[in-house]
Amino acid sequence: MKNVLMLNPPLPLSFWSFRETLAMTGKKALLPPLGLLTVAALLPRDWNLRLVDLNVRPLIEADWDGIDLLLVTGMLVQRESLLALLAEAKARGVATAAGGAYPTTSPKEVLDAGCDFLILGEGETTIPEMVAAIAAGRTSGTFVCVDKPALATSPPPRYDLIAPGDYESMSVQTSRGCPFACEFCDIVSLFGRVQRHKTPDQVIGELEAIRRLGFRGTVFVADDNFIGHRSRTVALLERIIEWQTKHGEPFDFITQASVNLGQDIPLIGLLTAANFSYVFVGIESPDDDVLTAAHKHQNVRNPLLASLRAINANGLSVIGSFILGMDGEKAGAGERMRVFAEAADLPWVMVNVLRALPHTALWDRLKAEGRLQDGIAESGWDSLTNFTPQRPIDEIFAEQVSALNALYAPGAYLGRALRATLAMRPTRASMPGAAPKATADPALAIPQKNRSPDFTPLLRLIWRQGVTGEACWQFWRQLAIVARHNPSRLRRYIVLCGMGENLFSFVRSIREQAETRRCASS
């Protein structure tokens with residue numbers, strides 16, 4: 001038997017931190033570490049597992065007691081913490097294992113930090129190989145996922161290792177891979193263009209496991225492109241609708257999808273019937289030539305603006321993402337992104353600066369052109385990216401800051417939230433002749449264990465935006481407009497207003513980073 005310490009490194013402040021929401025709801029982190037929970041399910045049942053999410057609580061000395069093996073994961077943004085944790089374990093004489101996105105794409109750095117067992121790629125094939133090596137007495141090894149595993153045999157994540165009350169949302173993954181091949185995206189290199197899927201029975205089993213934990217609320221479906229295989233998506237949604245009806249709709253969902261969803265109104269209908277509320281869409285650029293050069297062909301096949309409006313109009317709020325710094329981009333791109341977001345009525349918008357990810361087509365091209373930078377800069381303008389863009393990096397960053405400042409001026413944000421809400425159709429339950437809302441079978445009831453303060457988040461929102469906010473009169477005026485013209489979407493509108501608090505905070509941090517970079521570059 002092994003005593004294993006499984007660590008999820010802390011995430012830095014980002015668009016997805018949701019610190020204001022967490023403060024209002026009393027939760028400690030946005031999402032659980034789904035990758036570690038899946039790895040835990042692949043380890044022997046007689047191994048003693050201790051999972052610590054450092055986004056929930058700090059690591060303490062007692063966590064190391066009796067530990068034989070540290071197992072850590074992480075993405076690029078968790079790099080520094082991941083490497084530090086490996087070094088600490090080695091200093092303590094504890095064997096180490098690492099896997100996930102960053103170890104897979106930057107193995108040498110992870111090995112140099114003291115990793116004994118390196119997992120490259122997906123765990124369904126590599127974790128059993130590592131376990132066999134440890135059982136055979138080996139003290140190190142690298143295990144490579146050569147063939148993409150079939151997810152139909154992937155075990156359910158070990159949700160029992162976390163406390164549902166710590167998290168604002170839960171997460172499941174129903175597929176891996178994406179049929180598209182955007183130049184800058186590492187999904188194809190990590191998971192392939194041919195999607196692999198869990199069966200509907202597997203997905204329902206995982207939702208049931210979360211429900212039995214006592215969790216109610218939002219579940220993030222962490223697929224790379226949930227609609228990548230339409231017939232499979234339809235079959236899964238039909239099962240989710242059936243299960244939701246049986247259990248009184250315990251969950252609402254958020255997921256990621258390509259913009260061609262806007263051309264498929266029946267599929268949007270199924271998504272909303274299953275209680276999907278939000279969808280993340282990679283818009284990347286309002287410029288067709290930039291999109292084409294980046295192989296983002298799905299964004300130019302149909303009018304982009306019309307597709308996004310169609311998604312929102314039919315009941316799914318769009319979270320849009322733009323990327324600054326792509327090749328072929330002309331000066332003023334940040335302002336064009338802002339104008340596009342306003343025209344599309346997108347309240348929730350990311351404006352990122354491009355970084356080249358290892359093993360992507362972009363990485364290979366930039367390397368061949370001699371434009372990749374060595375190492376990762378820790379400060380100054382060069383810390384924004386890892387390659388030489390065609391435009392000056394300080395110009396790109398200035399456009400990012402300017403666009404975010406304008407988009408998240410409280411009045412501008414609330415204006416987009418209002419227009420998006422008024423453009424959205426009413427809820428099904430409010431339509432004439434609608435069937436009564438599903439109620440759970442009492443025999444299947446499970447007590448809820450992740451309750452939030454009933455009125456505290458709303459009262460805090462009212463205080464911040466309706467009393468002390470710079471757009472307080474606009475807040476009240478728009479609240480009345482929504483209540484009058486689209487009352488069934490009032491809750492959605494209030495949630496969007498609440499999300500604005502997170503985004504206002506994030507933009508303040510971007511401004512502070514800009515000042516820090518100016519000082520470092522001067």
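Parameters and conventions
Residues numbered from 1 in each chain as written. Predicted model: local features only at pLDDT ≥ 70, side-chain atom pairs only at ≥ 80, totals over all residues. Heavy atoms only, no water. Helix = DSSP H or I, 4+ residues; strand = E, 2+ residues; numbered from the N terminus. Polar contact = N/O pair within 3.5 Å; in protein donor to acceptor, adjacent residues only side chain to side chain. Contact = heavy atoms within 4.5 Å. Expected span 1.5 Å × (residues − 1). Buried < 20%, exposed > 50% of the residue type's maximum accessible area, 1.4 Å probe, protein only. Core = buried A, V, L, I, M, F, W, Y, C linked by side-chain atoms within 4.5 Å. Phe/Tyr/Trp six-rings, centres within 6.5 Å; stacked < 30°, edge-to-face > 60°.

Caption draft 1: Representation of the side chain of Arg391 within the structure. For Arg391, the location among the structural elements is in the loop between helix H14 (361–368) and helix H15 (393–407). Within the structure, Arg391 has its side chain in polar contact with the side chain of Glu329 (distance 2.6 Å). A polar contact is formed between the side chain of Arg391 and the side chain of Glu399, at a distance of 2.8 Å. Arg391 has contacts with Leu324, Glu329, Lys330, Ala331, Gly332, Ala333, Ile396 and Glu399, leaving out every residue within four places of it along the chain.

Caption draft 2: Region of the structure containing H15. When the terminal C-alpha atoms of H15 are compared, their 21 Å separation across 15 residues agrees well with the 21 Å that a helix rising 1.5 Å per residue should span. Considered for burial, the residues of H15 that qualify are Ile393, Ile396, Phe397, Glu399, Gln400, Val401, Ala403, Leu404 and Leu407.

Caption draft 3: Just the nonpolar core, in detail. Met6, Leu43, Met130, Leu207, Leu261, Leu308 and Tyr408 are the most contacted members of the largest nonpolar core, which totals 113 residues. Ranked by the residues each element gives to this core, the list is headed by helix H19 (residues 490–521), at 10 residues. Leu70, Leu83, Val110 and Leu118 belong to the second-largest nonpolar core, a separate cluster that totals 21 residues.

Caption draft 4: Inspection of the packing of aromatic side chains at higher detail. By the definition in use, this model includes 12 aromatic pairs. On the basis of an interplanar angle of 25° and a centroid distance of 5.6 Å, the ring pair of Trp243 and Phe251 is categorised as stacked. Note on Trp243: relative accessible area 7%, which makes it buried. By relative accessible area, Phe251 is classed as buried at 1%. Following the ring pairs from residue to residue traces out a cluster consisting of Phe215, Phe226, Trp243, Phe251, Phe253 and Phe276.

Caption draft 5: Spotlight on the environment of Ile162. In this fold, Ile162 is placed in the loop between strand S6 (141–144) and strand S7 (169–172). Judged by relative accessible area, Ile162 falls into the buried class, the value being 9%. Spatially, the C-alpha atom of Ile162 lies 39 Å from that of Asn486, the residues being 324 residues apart in sequence. With residues up to four places along the chain from it excluded, the contact list for Ile162 reads Pro32, Leu37, Leu51, Tyr167 and Met170.

Bear in mind that shape data such as this cannot, by itself, settle questions of function.
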